[in-house]
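# Structural overview for review
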Amino acid sequence: MSTPQTVVYANPELLAAATAARLITRLVDAQAARGRASLVLTGGRTGTAVLEQVRATPARDAVDWTAIDLYWGDERFLPAGDPERNETQARQALLDHVPVPPERVHAMAPPNGEFGDDPDAVAAAYADELARATRPEDHGPVPVFDVCLLGVGEEGHTASVFPSSPAVYETDRTVVAVRNCPKPPPTRISLTLPAIRHSAEVWLMTTGGSKAAAVSMALGGAGEIQLPAAGAIGQRRTLWLLDKQAAAKVPGVFSPPLA
Ligand SMILES: O=C(O)[C@H](O)[C@@H](O)[C@H](O)[C@H](O)COP(=O)(O)O
């Protein structure tokens, strides 16, 4: 497992633009090496802003969008097309603007989809889909995602794994239903930390002073039960991508001048 690296940006806009550039380069490198790439998307303002920046840059066309598999780290259990679904927001931000084949966009099913309104059934189906997508070299129940994008909540959640929740104690399943979420909507589908940790690289991205305490605790050695984001670690790389406000309580980190 990798040791977290921290990169601080002067403001959220620079974080989103620079992370979009970093992501494009990472995907291009993965495709150059293996002819394909896999990416786990996240909901939330920061994750969506990064996708919007990917869409906006000409460099996006360096990625072969027909040779990428897209997954989600979590999904709000809302009907297809609901504006609050992470899938809806990702499609509007980027996916509707690049030629990813529909069969390579692996959305978590909605309650009005083929697996019905039982979130446990939807979670199990997504776990099966991930298992089917694995190759022998993945050596596990989910693919080794090239990059797993994640946000961070004020109290330290990531994906939809919340502090001291049943999901954070999950050691076997790769995808679970989450109920009674402190962050609406109350019902979600989420990768578990063991699934997230199967990624080659995990990028946690967050901004704003309200996240500073959680970021400081996560990077200061907090345990994953109380601070699930602390357990989001990549096999080869773990990046914390922060603006100055979110990094304000992280000691000794290089911080650029305010742009
Ligand atoms: O469905 C969601 O809401 C996300 O998956 C969630 O994990 C989000 O990334 C964090 O809550 C941070 O959200 P912000 O970036 O908007 O602060």
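Structure: see above.
This structure is a prediction, so every number in the text was calculated from the model and none was measured. (Residues numbered from 1 in each chain as written. Predicted model: local features only at pLDDT ≥ 70, side-chain atom pairs only at ≥ 80, totals over all residues. Heavy atoms only, no water.)

## A short note on the overall build of the protein chain
In terms of regular secondary structure, the protein chain is built from 6 helices and 9 strands. Against the 2.2 N^0.38 benchmark of 18 Å for 259 residues, the protein chain shows a C-alpha radius of gyration of 17 Å, consistent with a compact globule. A burial count over the protein chain gives 55% of its 259 residues as buried. Pairs at least 24 apart in sequence give 76% of the contacts found in the protein chain among residues at least 6 apart. Element-wise, carbon and sulfur atoms account for 53% of the exposed surface of the protein chain, whose accessible area totals about 10,800 Å². (Helix = DSSP H or I, 4+ residues; strand = E, 2+ residues; numbered from the N terminus. Rg over C-alpha atoms; globule rule 2.2 N^0.38 Å. Buried < 20%, exposed > 50% of the residue type's maximum accessible area, 1.4 Å probe, protein only. Contact = heavy atoms within 4.5 Å. Areas by Shrake-Rupley, 256 points an atom, 1.4 Å probe, with all protein chains shown as cover.)

## Observations concerning helix α1 (residues 12-34)
In an α-helix, one turn spans 3.6 residues, which is why side chains three or four residues apart end up on the same side. Counted at 1.5 Å a residue, the expected span for α1 with its 23 residues is 33 Å, and the 32 Å between its end C-alpha atoms agrees. Within α1, burial applies to L15, A16, T19, A20, L23, I24, R26, L27, A30 and Q31. The backbone nitrogen of E13 lies 3.1 Å from a side-chain oxygen of the residue at the head of α1, namely N11. Phi turns positive, to about 80 degrees, at G35, one or two residues after α1. (Expected span 1.5 Å × (residues − 1). Polar contact = N/O pair within 3.5 Å; in protein donor to acceptor, adjacent residues only side chain to side chain.)

## Concerning the nonpolar core
In summary, soluble globular proteins display a tendency toward joint burial of nonpolar side chains. Counting 75 residues, the largest nonpolar core has L39, W65, V175, L191 and I196 as its most contacted members. Looking at this core, the element that brings in the most residues is α1, giving 7 residues. Each residue touching L191, except ones within four places of it in the same chain, is listed here: V40, W72, G73, M108, Y126, L130, F145, V161, T174, V175 and I196. (Core = buried A, V, L, I, M, F, W, Y, C linked by side-chain atoms within 4.5 Å.)

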